[in-house]
Amino acid sequence: MASLSRDEAREVGAVAVGLTIALRLVAGVFQVVEELGAQWTFRSLLGRFLAPVGATMGMLMLALALLIVLSPSGSIERRTFRWATTLAAVVSVLGVLSVLNAITTGFGSVASRIGFTSINGAAALVLGAAAWWILKNFNPDR
């Protein structure tokens with residue numbers, strides 16, 4: 001039977017959470033590919049690409065950041081830390097794009113578009129940006 005240390009378990013958990021975020025991003029790409037098989041518009045392609053960007057992605061990103069920074073020094077590899085920081089920036093940028101897309105090209109009234117983006121793109125933006133800020137400003141010596 002294999003034996004796993006706490007440090008290895010944290011690393012595996014961090015990689016698994018990061019890969020889950022990446023899978024959600026790839027899901028948007030596959031949705032775009034599917035949309036290309038039908039009559040599409042730029043609006044429909046962008047909407048399909050940004051569909052997975054939401055609160056779940058943001059929560060996963062913040063969980064990854066906290067898992068990394070709350071781990072003892074040296075228990076998470078440096079490349080995992082850098083990868084998570086880049087991923088947090090990507091989630092933040094996609095959150096911005098999702099908010100702008102929903103507000104400017106969404107369906108329904110302005111109030112319904114703001115409501116929609118509040119539980120989707122804006123949540124990803126806030127949580128992803130918080131994760132990025134935490135990782136970017138983390139001081140392991142404090």
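Residues numbered from 1 in each chain as written. Predicted model: local features only at pLDDT ≥ 70, side-chain atom pairs only at ≥ 80, totals over all residues. Heavy atoms only, no water.

How should the packing of aromatic side chains be read in this particular structure?
How two aromatic rings sit relative to each other is given by the distance of their centres and the angle of their planes. As enumerated under the stated definition, the model contains one aromatic pair in all. For the ring pair Phe81 and Phe138, a centre distance of 6.3 Å and an interplane angle of 40° mean the geometry is tilted. Remark: Phe138 occurs in the segment after helix H6 (121-137) and Phe81 occurs in helix H4 (residues 78-105); sequence separation between them is 57 residues. Since its relative accessible area comes to 12%, Phe81 is described here as buried. (Phe/Tyr/Trp six-rings, centres within 6.5 Å; stacked < 30°, edge-to-face > 60°. Helix = DSSP H or I, 4+ residues; strand = E, 2+ residues; numbered from the N terminus. Buried < 20%, exposed > 50% of the residue type's maximum accessible area, 1.4 Å probe, protein only.)

Just checking my understanding: could you explain the packing of helix H3 (residues 55-69) against H6 for this structure?
A pair of packed helices can be characterised by two numbers: the angle between their axes and the separation between those axes. In contact at an axis separation of 7 Å, H3 and H6 are set at 15° when each is read in the N-to-C sense. Here H6 runs roughly parallel to H3, going by the angle between their axes. Of the two possible hands of crossing, H3 and H6 adopt the one that is left-handed. The residues of H6 that touch H3, namely those facing Ala55, Gly58, Met59, Met61, Leu62, Ala65, Leu66, Ile68 and Val69, are Ala123, Ala124, Leu127, Gly128, Ala130, Ala131, Ile134 and Leu135. For the contact of H3 with H6, the class distribution of residues is 15 nonpolar, two polar and no charged. (Axes fitted to C-alpha atoms, helices over the stretch in contact; angles between N-to-C directions. Parallel < 35°, antiparallel > 145°, perpendicular 65-115°, else oblique. Left-handed = near helix turned anticlockwise from the far one by under 90°. Contact = heavy atoms within 4.5 Å. Nonpolar A, V, L, I, M, F, W, Y, C, P; charged D, E, K, R; others polar.)

What should I look at first to understand the nonpolar core in this one?
The nonpolar side chains of a soluble globular protein tend to be buried with one another. If you look at the biggest cluster of nonpolar residues, it comprises 22 residues, and the most contacted ones within it are Ile21, Met61, Leu64, Ile68 and Leu135. Contributions of two or more residues to this core are made by helix H1 (6-36), H3, H4 and H6. (Core = buried A, V, L, I, M, F, W, Y, C linked by side-chain atoms within 4.5 Å.)

Help me out: how do you make sense of the pattern of salt bridges in this one?
Close approach of charged atoms allows side chains with opposite charge to pair. Scanning the model with the defined rule gives four salt bridges in all. The residue Arg48 makes a salt bridge to Glu34 at a minimum N-O spacing of 3.7 Å. Taken together, the residues Arg48 in helix H2 (residues 42-50) and Glu34 in helix H1 connect sequence positions 14 residues apart. For the salt bridge of Glu77 with Arg79, the shortest nitrogen-to-oxygen distance reads 3.3 Å. The class for Glu77 is partly exposed, based on a relative accessible area of 39%. What you see here is one network of salt bridges that share partners, running through Glu34, Glu35 and Arg48. (Salt bridge = Lys/Arg side-chain N within 4 Å of Asp/Glu carboxyl O.)

Quick question: what am I supposed to make of a nonpolar patch on the surface here?
On the surface, a nonpolar cluster with roughly 240 Å² of combined accessible area is contributed by Val15, Leu19 and Trp83. As for its position among the elements, Leu19 is in helix H1. Among the residues examined, Leu19 registers a relative accessible area of 47% and is labelled partly exposed. (Patch = residues over 30% accessible without salt bridge, like charges linked within 9 Å, V, L, I, M, F, W, Y side chains within 5 Å. Areas by Shrake-Rupley, 256 points an atom, 1.4 Å probe, with all protein chains shown as cover.)

It is not clear to me how the environment of Lys136 should be interpreted in this structure. Could you clarify?
With respect to the helices, strands and loops of the structure, Lys136 is situated in helix H6. Taking relative accessible area as the criterion, Lys136 reaches 52% and is therefore assigned exposed. Linking Lys136 and Arg82, residues 54 residues apart in sequence, is a C-alpha distance of 9.2 Å.

What exactly am I supposed to notice about the side chain of Ser92 here?
Inspection of the secondary structure puts Ser92 in helix H4. Within the structure, the side chain of Ser92 is placed 2.9 Å from the backbone oxygen of Ala88, a separation counted as a polar contact. At 3.2 Å, the side chain of Ser92 forms a polar contact with the backbone oxygen of Gly128. If we ignore the near neighbours within four places in the chain, the residues touching Ser92 are Leu125, Gly128, Ala129 and Trp132. (Polar contact = N/O pair within 3.5 Å; in protein donor to acceptor, adjacent residues only side chain to side chain.)

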